[in-house]
Amino acid sequence: MPDHILRMRGIIKEFPGVRALDDVNFDVERGTVHALVGENGAGKSTLMKVLSGVYPHGTYEGEILLDDRPCAFRGLRHSEAAGIVIIHQELALVPGMSIAENVFLGNERSRRGVIDWHATSVETVRLLEKVGLREDPDTPVSGLGVGKQQLVEIAKALAKDVKLLILDEPTAALNEADSENLLQLLRDLRDHGITSILISHKLNEVMAVADAITILRDGRTIETLTVADGVDEDRVIRGMVGRDLDHRYPPRTPEIGEVLFEIVGWNVFHPTVPDRQVVRDASLTVRRGEIVGVAGLMGAGRTELAMSVFGRSYGARISGTVRKEGRELHLATVGDAIAAGLAYVTEDRKELGLLLEEDIRRNVTLANLHRVARRSVIDLHREVADAEGFVDRLRIKAPGVFAKTGNLSGGNQQKVVLSKWMYTDPDVLILDEPTRGIDVGAKYEIYSIIQRLAAEGKGVLLISSELPELLGMCDRIYVMSQGRITGELERREATQEAVMRLMTNTPAVAR
Amino acid sequence: MTLVDRPATAPASSGGQAGLRLRGNLRQYGMIAALVVIVVLFEILTDGILLKPLNVTNLIMQNGYVLVLAIGMMLVIINREIDLSVGSVAAFVGAVTGVAIVNWGLPWPVVVLAALATGGLIGAFQGFWVAYARIPSFIVTLGGMLLFRGLSMVVLQGQSIAPFPTGFRQLGSGFVPEFGAGDLHLVTILLGLAGAALIVWNDWRSRARRREYGLSVPALRWFALKAVAIVVVIGAFTWVLAVYQGLPVVGLVVIVLTVGYSFVTTSTVMGRHIYAVGGNERAAALSGIATKKTKFLVFVNMGVLAALAGLMFAARLNAATPKAGTNFELDAIAAAFIGGASASGGVGSVVGAIVGGLVMGVMNNGMSLLGLGVDWQQAIKGGVLMLAVAFDVYNKNKAK
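Note that the structure is a prediction, hence the values are computed from the model and not measured.

Let's shift gears to the overall build of chain B. What chain B contains, in helices and strands, is 16 helices and 0 strands. Against the compact-globule benchmark of 21 Å for 400 residues, chain B has a radius of gyration of 23 Å, which places it among compact chains. A principal-axis box enclosing the C-alpha atoms of chain B has dimensions of 80 × 60 × 40 Å. Out of the 400 residues in chain B, the part that is buried amounts to 43%. Partitioning the contacts of chain B with sequence separation of at least 6, the portion at a separation of at least 24 is 79%.

Moving on, we come to the overall build of chain A. Each helix and strand in chain A was counted, giving 18 helices and 24 strands. Here the C-alpha atoms of chain A give a radius of gyration of 25 Å, agreeing with the 24 Å that 2.2 N^0.38 yields for 511 residues. On the principal axes, the C-alpha backbone points of chain A span a range of 70 × 50 × 50 Å. In chain A, which comprises 511 residues, the proportion classed as buried is 49%. In chain A, the share of contacts with a sequence separation of at least 24, taken over all contacts with a separation of at least 6, comes to 67%.

Let's shift gears to the nonpolar core. All names here are of chain B. Membership of the largest hydrophobic core comes to 254 residues, with the highest contact counts inside it found for L69 and A70. Looking at which element gives the most residues to this core, the answer is helix 13 (residues 291-317), with 17 residues. With near-sequence residues (within four places) excluded, L69 lies in contact with V86, L305, A306, A309, F328 and A332.

So, on to the sheet that holds strand 9 (residues 164-168) of chain A. Sheet strands associate in pairs through backbone hydrogen bonding, adopting either a parallel or an antiparallel arrangement. All names here are of chain A. Spatially, 6 strands are ordered 6-9-10-3-11-12 in an open sheet, and the strand pairing comes out mixed. Edge positions in the open sheet fall to strand 6 (84-87) and strand 12 (220-226), since each of these has one partner strand only. Strand after strand, the sheet turns through a mean of 20 degrees between neighbouring axes, direction not considered. Contacts between helix 8 (residues 233-241) and the sheet are confined to strand 3 (33-37), strand 11 (212-217) and strand 12, with strand 11 contributing the most and set at about 25 degrees to the helix.

With that out of the way, let us pick up the interface of chain B and chain A. Tallying the contact residues gives 34 residues for chain B and 40 residues for chain A. Contributing elements (two or more residues each) for the side of chain B that touches chain A: helix 1 (14-24), helix 8 (186-212), helix 11 (269-279) and helix 12 (281-286) of chain B. Per-element tally for the side of chain B that touches chain A: the top contributor is helix 11 of chain B, with 6 residues. Taken together, the residues that form the side of chain B that touches chain A break down as 16 nonpolar, 13 polar and 5 charged.

Attention now moves to the sheet that holds strand 22 (residues 459-463) of chain A. All names here are of chain A. Taken together, the 6 strands give an open sheet; going across it, the order is 18-21-22-15-23-24, and neighbouring strands pair in mixed fashion. A strand with exactly one partner marks an edge of an open sheet, and here the two such strands are strand 18 (342-345) and strand 24 (484-490). On average, adjacent strands in this sheet sit at an angle of 20 degrees to one another, irrespective of strand direction. Direction of pairing for strand 15 (residues 291-295) relative to strand 23 (residues 476-481): parallel, over a ladder of 4 bridges. Bridging across to strand 23, V294 finds its partner in Y478. Sitting on the sheet, helix 17 (residues 496-504) is in contact with strand 15, strand 23 and strand 24, with an inclination near 30 degrees to strand 23.

Close reading of the predicted structure is inappropriate where its pLDDT is low. Residue and element names in this part refer to chain B. Per-chain confidence: chain B averages 89 in pLDDT, with 92% of residues scoring 70 or above. Here residues 1-16 is modelled with pLDDT under 50, and outside its nearest four sequence neighbours on either side it reaches 18 contacts, counting other chains as well. We note a pTM of 0.81 for the whole complex and an ipTM of 0.83 for its interfaces.

What follows concerns the packing of helix 5 (residues 108-132) of chain B against helix 13 of chain B. Residue and element names in this part refer to chain B. As a packed pair, helix 5 and helix 13 sit with axes 7 Å apart at the nearest point and diverge in direction by 145 degrees. Handedness of the crossing formed by helix 5 with helix 13: right-handed. In the contact of helix 5 with helix 13, the residues fall into 18 nonpolar, 8 polar and 2 charged.

Let us look at the pairing of strand 13 (residues 259-269) of chain A. All names here are of chain A. In this structure, strand 13 lies alongside strand 14 (residues 277-287), joined through 7 bridges in antiparallel fashion. Its bridge partner lying in strand 14, I263 is registered against L284. Relative to strand 16 (residues 316-324), strand 13 is paired through 6 bridges, and the arrangement is antiparallel. Bridge assignment links F269 to a residue of strand 16, and that residue is A316.

It is worth spelling out the packing of helix 11 of chain B against helix 13 of chain B at this point. Residue and element names in this part refer to chain B. Close contact between helix 11 and helix 13 brings their axes to 10 Å; oriented N to C, the two are set at 110 degrees. As summarised for this structure, helix 11 and helix 13 are arranged roughly perpendicular, according to the angle between their axes. Note on element contacts: helix 13 touches helix 11 through T291, T294, K295 and V298, opposite H273, I274 and V277. Of the residues contributing to the contact of helix 11 with helix 13, the split by class is 3 nonpolar, 3 polar and 1 charged.

What follows concerns the pairing of strand 15 of chain A. Residues and elements named next belong to chain A. The element strand 15 is extensively covered by neighbouring structure, given that 5 of its 5 residues are classed as buried. The alternating pattern of strand 15 places I291, G293 and A295 on one face and V292 and V294 on the opposite face, and all of these are buried. As paired strands, strand 15 and strand 22 are joined by 4 bridges and run parallel to one another. The partner of G293 across the bridge, within strand 22, is L462.

Moving on, we get to the environment of Y314 of chain A. Here Y314 of chain A is to be found in the loop between helix 9 (302-309) and strand 16. Not counting residues within four places of it along the chain, the set of residues in contact with Y314 of chain A comprises P271, E304, M307 and S308 of chain A.

Next up on the list: the environment of V236 of chain A. All names here are of chain A. One can find V236 in helix 8. Along the primary structure V236 and I215 are separated by 21 residues, whereas in three dimensions their C-alpha atoms are 7.6 Å apart. If sequence neighbours within four positions are ignored, V236 has contacts with V37, L203, I213, I215 and V231.

This part takes up the environment of V24 of chain A. All names here are of chain A. Mapping V24 onto the fold places it in strand 2 (residues 18-29). Residues V24 and G43, spaced 19 residues apart in sequence, show a C-alpha to C-alpha distance of 9.5 Å. Apart from residues no more than four positions distant in its own chain, V24 is found in contact with M8, I11, G43, L47, R220 and T221.

This brings us to helix 11 of chain B. With 9 of 11 residues buried, helix 11 of chain B is to be regarded as a mostly interior element. Residues of helix 11 of chain B that are buried: G271, R272, H273, I274, Y275, A276, V277, G278 and G279 of chain B. Close packing links the buried residues of helix 11 of chain B with helix 12 (360-365) and strand 20 (377-378) of chain A together with helix 3 (53-78), helix 10 (249-267), helix 12 and helix 13 of chain B.

So, about unusual backbone geometry. Residue P163 of chain B is reached from A162 of chain B by a cis peptide bond, and omega for that bond is -10 degrees. Summarising the element assignment, P163 of chain B is placed in the loop between helix 6 (137-156) and helix 7 (166-173). Despite not being glycine, D23 of chain A has its phi angle at roughly 60 degrees, a positive value. Tracing the backbone through its elements, the reader meets D23 of chain A in strand 2. A positive phi angle, close to 55 degrees, is found at D67 of chain A, a residue other than glycine. Position of D67 of chain A relative to the elements: it lies in the loop between strand 4 (61-66) and strand 5 (69-71).

Parameters at a glance
- Residues numbered from 1 in each chain as written.
- Chains lettered and ligands numbered in written order.
- Predicted model: local features only at pLDDT ≥ 70, side-chain atom pairs only at ≥ 80, totals over all residues.
- Helix = DSSP H or I, 4+ residues; strand = E, 2+ residues; numbered from the N terminus.
- Rg over C-alpha atoms; globule rule 2.2 N^0.38 Å.
- Buried ≥ 20, exposed ≤ 12 C-beta atoms within 10 Å, placed from the backbone.
- Contact = placed C-beta atoms within 7 Å.
- Core = buried A, V, L, I, M, F, W, Y, C linked by C-beta atoms within 7 Å.
- Pairing = 2+ DSSP bridges.
- Axes fitted to C-alpha atoms, helices over the stretch in contact; angles between N-to-C directions.
- Nonpolar A, V, L, I, M, F, W, Y, C, P; charged D, E, K, R; others polar.
- pLDDT = per-residue confidence, 0-100.
- Left-handed = near helix turned anticlockwise from the far one by under 90°.
- Parallel < 35°, antiparallel > 145°, perpendicular 65-115°, else oblique.

This is the structure in structure tokens:
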């Protein structure tokens, strides 16, 4: 009879309009490393938020048994008191504070509100030893590399007497040596009786460290595999993608012309972590009338590639060549990129795409105000007429062009963003996750718009995390992994399995 | 699927559009209504002294410089920044002007131009640190506030400089010149009529333009009603001023600036960029807007307007003093927030700043007429500021 530290039974979590988790069962045996895998949006993070009380008891259905006792967590502190600690992808350390202060943050060693610095230091040294970090406890965290900061996070978890440690993409920001170090630490912790749940996109790491693997897909548990039974990566990939294509895509006959847009030998470094290269030697081409997909998991460097090309909106030490119709482009600013006929529809429409306080009209014309202005004076009436044209053509469901964009639904907001970029009359459109968080009906309409743009002879670069979308829409697909383009697939050879293999492979193997 | 059949949303009806526009401007109309209520209240409480021609003229002259500052401050706050230095900058420019005109005897028109340029340079200095060096404007302008207050004391060596020549003093206490002689100030009446005619004509032209683009046009009787209302309000205002000494120069400056800046903010590319940068700086940058340059220019503009306010204050006082402009920045900031600006940026209007400034001004004036002490005046103004902003935030949350 297996000894389960955690059992989650029939978990259902709904958000307005979507069922993010649908009857999920998840059992974790004591003293194991249990991996949780799935595509972006499969429900991994939501499940962990349910477990850690970020979504408190009562906001979901189903039950959680920890050590066979039912739990009803009201919040993070409550679940931490029970021994469950979650370490997020974005580390929750205060950069200006020392290691010791961070380790005991929110959990201070104190007597009647006065901090006991001696106990803090002594215990920090003990904990750092456990995680194999040789640093002075008084060192400020900002002076440490990401790998060491990750270890400080784990020490912080250990300080809370953790029984069940959850790591969300812990190696996403780490180099190979630091990753290997971290995986070894997970094994050591397991030998000391600490159970871990590991969420990771890197299947090679999962295979190397996990005892069991649970696969989530579309908010459901697909299966739990035991690694000892001779499971291989292909088996896991099949579980991750094995779904019917239930979305529908408008029919289309592509008319593909000559090469319109090229990126050659593109390199980008992280803006604040100088030695981290986020895009390595990437090259791609887009032809007239072609829809070209860019696949990759979170952190593969797709958005970084797009934004750095688009007027150097991201990154540092950017090198490489961009050509349009054979001529080299020098895109130092976003203004240059727009003038050169490029458009970039951002991944995050609320943070980066829209002025939410402004109406539809002002958002539509923002990137190309000079089209409605004469000598810098805007023709307000023509602006309204132009905006109404888009509301009509793209079927933006709103009371009118004076409706605040912040009050529109996701699909209609996305149509406003598309209108904004269509208003600049670009030749090349880079669309970054254009259908994220949009219902099926609106998706279909956005697909139609994208296809119409291609039919007009524009080149479209479609970045998406949804494999069926890429397979259904694109004439050609590039796959990225860890900053490199690991493969290029024609429409006929692109299958979910083939793309997923390139997405999860380390580039060294693929090349 | 959806591509074939026409969706349920027909082109929005004109009623829906107008309704939306109205709701968008509701805060502004709300502030104007509040101003009217306050005016009526004090008119009754002071037994009709508030709207006496002499007092209306005083009101304009007392509040002119704060209104000028409020216009600039509104742009700064829309840009999601703040400027605490404007009072000190006004004092510094006033001090330099005093030295140049009184001590050195330079011709005052030249000095006025140089003073405005100095204000622009000061704005450029602070704007550089805010926009390009990315130092928070609160810090930069707090430094500027101390720096220029100190420098004005240095320039004046702690003393006041007076008197200014008559020509210069017109800027603070003069009236629009009059031709002929009569009980009524004719030029003021003519200016009022011309202004009203211009507004009505502009409205009429806008109808034609809307038709040209196939947009809906409000019914003719609404247009007529609006035109009559405009003529009546402007007529009454001009009449009150004309029976005394006419339109003060300060009033003319404020009106010209209000019209000019309203145009810039609503109808020019630059104005649109100011709102966009304040509303969502990253989205604006990704739309190709030069966000740093926009911020920089907003501060340059604030510097010029602060200099103008300093000139107006010195001219009215007929002296340059090191204490000039104390707390002006707070009055200007309060005016902007009462007038509908949002601390999170991207929201507000020039007319709102003027209305906010007038609310403060009328309350000051009314409470003084009632013989209320400065202590209570200050406390009540503080309460009104908090109430106005709380009301605004409440409305916004309710709308969500």
